[in-house]
Amino acid sequence: MRMAARLVMVRDNHLLVMHRNKFGSEYYALIGGGVDPGESPSDALMREVREETGLMIANPKLVYIEEAGKPYGTQYIFTADYAGGEPVLAPDSDEAKIHNLGQNLYAPVWLEVSKLASVPFLSKELKNLLVHDLVHGFPEQPVKFTSSADYETKEEIGVNNAI
């Protein structure tokens, strides 16, 4: 089953997210991606953040483990400290190559935390945890949860393999 590493990072009351426009369907997701064979989730996190944003991060801490089912698999979700840079896709990343084709767009952005509850986000369960924990604090020990088979707005936005 697939594994992925994702980042929760807040800076100046803004959450770092990937804004997606997939063939006209718009939504947000956490920055991150697949764990390569032989790679740890925390190493994958560092690599994916560099590829998708160019940002430097420090002190990753696992806060959630999301069992998202097929095709998404297990999502290891970390908080981390901002250590520098501005979000931009690395020109040689897979996301930049797909983005440059013009119909499946990726844009790393800082989303106001107060807007998170009102935007389409993958997954609904993760969004609900984030809305709560961004106000009340993240758990000391990783919280494991299962996403529903239908990611939030899946039918509305036509997402089949969005993450």
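Above: the structure in question.
The structure reproduced in this document is the subject of the present report.

## What to know about the pattern of salt bridges
Argument step 1. As enumerated under the stated definition, the model contains eight salt bridges in all.
Argument step 2. The partner of glutamate 140 in a salt bridge is lysine 61, with the nearest N and O atoms 3.8 Å apart. Pair noted here: glutamate 140 is in the loop between helix H3 (124-136) and strand S9 (143-146) and lysine 61 is in strand S6 (residues 56-67), with a separation of 79 residues, a long-range link.
Argument step 3. Residue glutamate 140 is classed as exposed on the basis of its relative accessible area of 65%.
Argument step 4. Judged by its relative accessible area of 32%, lysine 61 falls in the partly exposed class.

## Details of the nonpolar core
Argument step 1. Residues Ala5, Leu7, Met9, Leu16, Leu45, Val49 and Ile57 are the most contacted members of the largest nonpolar core, which totals 19 residues.
Argument step 2. Breaking this core down by element, the ones donating at least two residues are strand S1 (3-8), strand S3 (14-22), helix H1 (41-53), S6 and strand S7 (74-84).
Argument step 3. The contacts of leucine 16, once residues within four sequence positions are left out, are Leu7, Met9, Leu30, Ile31, Thr53, Leu55, Pro87, Val109 and Trp110.

Procedures and definitions
- Residues numbered from 1 in each chain as written.
- Predicted model: local features only at pLDDT ≥ 70, side-chain atom pairs only at ≥ 80, totals over all residues.
- Heavy atoms only, no water.
- Salt bridge = Lys/Arg side-chain N within 4 Å of Asp/Glu carboxyl O.
- Helix = DSSP H or I, 4+ residues; strand = E, 2+ residues; numbered from the N terminus.
- Buried < 20%, exposed > 50% of the residue type's maximum accessible area, 1.4 Å probe, protein only.
- Core = buried A, V, L, I, M, F, W, Y, C linked by side-chain atoms within 4.5 Å.
- Contact = heavy atoms within 4.5 Å.

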